[in-house]
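# What the coordinates show
Listed here are the chains, written in short residue letters.
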Amino acid sequence: MSTSFRWVEQARSGRARAGHLHTAHGTVPTPTFMPVGTVGTVKAMTMDAVRSTGAGIVLGNTYHLMLRPGAERVRALGGLHRFMDWPGPILTDSGGFQVMSLGPLRKLDQDGVTFSSHIDGSKHRLTPERSTDIQHALDATITMCFDECPALPAAPEVIAQSMRMSMRWAARCREAFVQRPGYAQYGIIQGGTEPELRAESVRALTGIGFEGYAIGGLAVGEGQELMFSTLDATTPLIPWDSPRYLMGVGTPDDLLGSVERGVDMFDCVMPTRAGRTARAYTERGTLNLRNARHAVDSRPISPHCDCLACTRHSRAYLHHLFRANEILGPMLLTWHNLAYYQRLMRGIRSAIVEGSLEAHAAWLRAQWAMEDWTPDEMPLPDIPPVP
Ligand SMILES: [Zn+2]
């Protein structure tokens, strides 16, 4: 197998695509969900557990890793893959989103951003060049451009100015990027919810030329309808052979609707964060395991799940762990939630390959709209086959 970075189509259904992302660190079937490993760990999970859910690629974060333990230390210890024991592909966030979220702790200029560490208040600076260098030091399989992400809602002029600065920064990021076989850099499409600005951003980025394109600046409070209409206006403009990554999204319903609109890659803290707060994702919506109704329920969280929490433990046991503040509760439930997200993506992917996406999507939405399983329904016989 050649190690050049590329996305290869396997099947399509309307604008939805199934394919394979070939990288220096292995091949990932798409569409895919990337568990978030912000500081070099997917919180509460061993990497073996992450692998067992079927995850093919994970996320790391420039902002957090540059502050602690520092990019040079990670490089000296063999890079992020070795440091966190994840030999598969890793995508690193550029730090832009986190730095912009620091509010009064940061100062933005045309060249970059100066900010104070949230850990010890020390002063740091990120520029397009520095962010790209740090991601190189971490040995990121996929490097993201450093950009500005304005908070919505904002006036169209503000969004336009911000997007144009991000496009100038994208050119500087590309200049700083060290090309290696199997490695990639993604440009980030900005422009808020304005179709013309999104189109201008796509033209600027495809003019520079990247191995993949991300859609940034969404899922920041604009609502699902505006997010979907922005995707409708944006994904058709991206070259078909390039992987598309929707940053920071989302709920199971967001993922399904975005795959239908041509997105291949996702990341979101929802399944991991929910796992630490007793919220379980299932085919029939979410359950709060702290709720007293689970206290004597001997059933698994989901009859369709092959994770450790569902094959070995009851809802009552999970309820007890969270009530007693035991660390095993967040561990088991994070595992379960990541297993659900990966199963969801596998199901959508095989439906695209088999040409049954429409029926599968209708089945998923009908299940989400239902209440929890009644005891005599468990286990359900009618789940569509998942490879
Ligand atoms: Zn489970």
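Criteria and thresholds
- Residues numbered from 1 in each chain as written.
- Predicted model: local features only at pLDDT ≥ 70, side-chain atom pairs only at ≥ 80, totals over all residues.
- Heavy atoms only, no water.
- Helix = DSSP H or I, 4+ residues; strand = E, 2+ residues; numbered from the N terminus.
- Rg over C-alpha atoms; globule rule 2.2 N^0.38 Å.
- Buried < 20%, exposed > 50% of the residue type's maximum accessible area, 1.4 Å probe, protein only.
- Contact = heavy atoms within 4.5 Å.
- Areas by Shrake-Rupley, 256 points an atom, 1.4 Å probe, with all protein chains shown as cover.
- Lys, Arg positive; Asp, Glu negative; His and termini not counted.
- Charge placed at Lys NZ, Arg CZ, Asp CG, Glu CD.
- Pairing = 2+ DSSP bridges.
- UniProt positions renumbered as here; feature names shortened; annotations may be inferred.

Take the overall build of the chain next. Tallying secondary structure elements over the chain gives 15 helices and 16 strands in all. Rg of the C-alpha trace for the chain: 21 Å, near the compact-globule value of 21 Å for 387 residues, within the 12% margin. Along the three orthogonal principal directions, the C-alpha set of the chain runs to about 60 × 50 × 45 Å. When burial is assessed residue by residue, the chain has 57% of its 387 residues classed as buried. Within the chain, contacts between residues separated by at least 24 positions form 68% of all contacts whose residues are at least 6 apart in sequence. By element, 54% of the accessible surface of the chain is carried by carbon and sulfur atoms, the whole surface being about 15600 Å². Charged side chains of the chain number 38 positive and 39 negative; the gap between the two group centres comes to 5 Å.

Side-chain positions along a regular strand alternate between the two faces of the sheet. With four bridges joining them, strand β15 (residues 279–282) and strand β16 (residues 285–288) adopt antiparallel strand pairing. Across the sheet, residue Y281 finds its bridge partner in β16, namely T286. The hairpin turn running from β15 into β16, its antiparallel successor, is two residues long.

In this section: the UniProt feature "binding site: Zn(2+)" (unreviewed entry) in the chain. When the UniProt feature table is mapped onto this chain, "binding site: Zn(2+)" (unreviewed entry) is found at C305, C307, C310 and H336. These annotated residues cover 32 residues of sequence, and their C-alpha atoms lie no more than 7.7 Å from one another, placing them together at a single site. Setting aside residues no more than four positions away along its own chain, C305 makes contact with C310, T311, H336, A339 and R343. Beyond its immediate sequence surroundings of up to four residues, C310 is in contact with P300, I301, S302, C305 and H336.

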